[in-house]
Amino acid sequence: MPKLLLNTLQGNPGDRVPFWFMRQAGRYLPEYREVRATTRSFMEFCYSPEKAAEVTLQPIRRYGMDGAILFADILVVPDGLGQKVWFEAGHGPKLEAIKDHTGFDNLSLGAFHDKVGNVYETVRRLKAELSSDVTLLGFAGAPWTVATYMIEGAGSKDHAAARQMGYGNPELFQKILDILVDATAEYLCAQIEAGADAVQIFDSWSAALPETMFQKWVIEPTVAIVDKIRAKHKEVPIIGFPRLSGAILPEFVSKTGVNAVSLDTGVPLEWARDNVQNKVCVQGNLDPHLVVSGGELMVDEAYRILETLKGGAHIFNLGHGFVPETPPENVALLSKTIKNFRR
Ligand code: CP3
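Summary of the structure given here. From a predicted model like this one, the values you see are computed outputs, not experimental measurements.

Across its 25 residues, helix H10 (residues 170-194) extends 36 Å between first and last C-alpha, which sits within 8% of the 36 Å expected from 1.5 Å per residue. Positioned one or two residues after H10, Gly195 has a phi angle of 135°, which is positive.

Next up, the structure:
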């Protein structure tokens, strides 16, 4: 059966708009919470192929998305490099922060694939279990976003520690970006070799960087990853997501050469249509909080997105991930709305 989402990523849209949602697997689903409760550590959960494959499939069974996104986390990469990563309930991710060269010297690509190999096993299982019309999406965090966690040792509001290392110790900061480029490219290639049809690179924290730093910290590492993937897997679509990057988005698209770009909720759609969708496939951008309230307003906004972008390649998605308080029945109404729309 044809894969509508993959075809759309390759620039050949059909008359129905394909869809998937960021964080489509997660705490808003009771069946996710049930499987999640069987493993205490979140990282261990990510490294359990049977459970990770199961929670990847749960939303597809319920709602029939055109894409299944591998269940894992962006912090698998620093973990694979040997940095200590753990999740504390109610506090989000924690890492042993890299403050200086000693912290960096503890990182190594040597054991990377052994450490994260169970993720590839999850992809192989998904490939075997998924229906042939569903596109399997692999993913990784972009070097800048992953570096913010590695340097801060946690999530943060303004990524102060990473920015300050980038300015104050650019040589060390560049080494961190460089090892992340190598690890991320290898990680995504291995996901592709295990069966991923396309990959998305999440740069969740690329907002409000000075132009020169956006070039160096966001565009250049992404270009390097795209080049490394294309050298091995020329045909596999790559989706970029420089979240909240604003007016520099068209430049990100032309310089990185990604096949598609995810639009955050704040991107004006007619602008995106005229400046981005004229070059590549776009994905987005419903506010995830609208799916918490649901109803007519959610449906009207979904139609506005579908109508505005119907002239080109578009994959319906959110502007960021589902939040845990999302009622599952609102996701059902949203999915039905998208499935019944014709371009
Ligand atoms: O369904 C999917 O989207 C696939 C799985 C997925 C997860 N994380 C599962 C997860 C994906 C693609 C991610 C990416 C991710 N992880 C990003 C980039 C996308 C974004 O949201 O901007 C980032 C920044 C992270 C880092 C991360 N992981 C944080 C900050 C947290 C804690 C926040 C929270 O909601 O608690 C996580 C944990 C996490 N990753 C959960 C899930 C379902 C929740 C933890 C749990 O179930 O116990």
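Moving on to the pattern of salt bridges. Under the criterion given, the structure shown has 13 salt bridges. One salt bridge in this structure joins Arg62 and Glu31, with 2.7 Å as the shortest N-O distance. Taken together, the residues Arg62 in helix H4 (residues 49-63) and Glu31 in helix H2 (residues 30-36) connect sequence positions 31 residues apart. Arg62 sits in the partly exposed class, given a relative accessible area of 40%. Across the salt bridge formed by Arg273 and Asp274, the nearest N and O atoms sit 3.0 Å from each other. Taken together, the shared-partner salt bridges connect Lys3, Lys127 and Asp197 into one network.

Our focus in this paragraph is the site of the ligand. The local shell around the ligand holds 21 residues, among which Arg27, Tyr32, Asp73, Ser204 and His320 are the closest. Here an oxygen atom of the ligand and a backbone polar atom of Gln24 are 3.2 Å apart. In the model, an oxygen atom of the ligand is placed 3.1 Å from a nitrogen or oxygen of the Ala25 main chain. Protein chains shield 86% of the accessible area of the ligand, which is 880 Å² for the free molecule. Taken together, the residues of the shell around the ligand break down into 14 nonpolar, three polar and four charged.

For the rest of this paragraph, the subject is the sheet that holds strand S8 (residues 281-286). As summarised here, the arrangement of the seven strands in space is S1-S4-S5-S6-S7-S8-S9, forming an open sheet in which the pairing is parallel. Unpaired on one side and paired on the other, strand S1 (67-69) and strand S9 (314-318) mark the two borders of the sheet. When strand polarity is set aside, the average angle formed by the axes of neighbouring strands in this sheet is 25°. Taken together, the five bridges between strand S5 (residues 198-203) and strand S6 (residues 238-242) define a ladder with parallel strand orientation. In the sheet register, Val199 faces S6, and the bridge partner there is Ile238.

What counts and how
- Within any chain, residue numbers begin from 1 and follow the written order of that chain's sequence.
- Thresholds applied to this predicted model are a pLDDT of at least 70 for local features of residues and 80 or more for the giving and counting of side-chain atom pairs; totals over whole chains, interfaces and linings are not thresholded and use all residues.
- Side-chain metrics in this entry use all non-hydrogen atoms of the structure; hydrogen atoms and water are not considered.
- Starting at the N terminus, helices and strands are each numbered in turn, a helix being any DSSP run of H or I of at least four residues and a strand any DSSP run of E of at least two.
- Here the expected span of a helix is defined as 1.5 Å times the quantity of residues minus one.
- For salt bridges, the criterion is a side-chain nitrogen of Lys or Arg within 4 Å of an Asp or Glu carboxyl oxygen.
- Throughout this description, buried means an accessible area under 20% of the type-specific maximum (1.4 Å probe, protein chains only), exposed means over 50%, and partly exposed covers the range between.
- We call a residue near a molecule or strand as soon as one heavy atom of that residue lies within 4 Å of the molecule or strand.
- Counting of polar contacts relies on pairs of N or O atoms within 3.5 Å, with two restrictions inside protein: one atom must be capable of donating a hydrogen and the other of accepting it, and residues adjacent in sequence are counted only when both atoms are side-chain atoms.
- Accessibility throughout is a Shrake-Rupley quantity obtained with a 1.4 Å probe, and a residue counts as covered only by protein chains that appear here.
- Under this grouping Gly is polar, as are all residues other than the nonpolar Ala, Val, Leu, Ile, Met, Phe, Trp, Tyr, Cys and Pro and the charged Asp, Glu, Lys and Arg.
- The pairing criterion is simple: DSSP has to find at least two bridges between the two strands.
- What counts as an axis is a line fitted to C-alpha atoms, over the stretch in contact for a helix, and the angles between N-to-C directions run from 0 to 180 degrees.

Any link to function would need more than the numbers given here.
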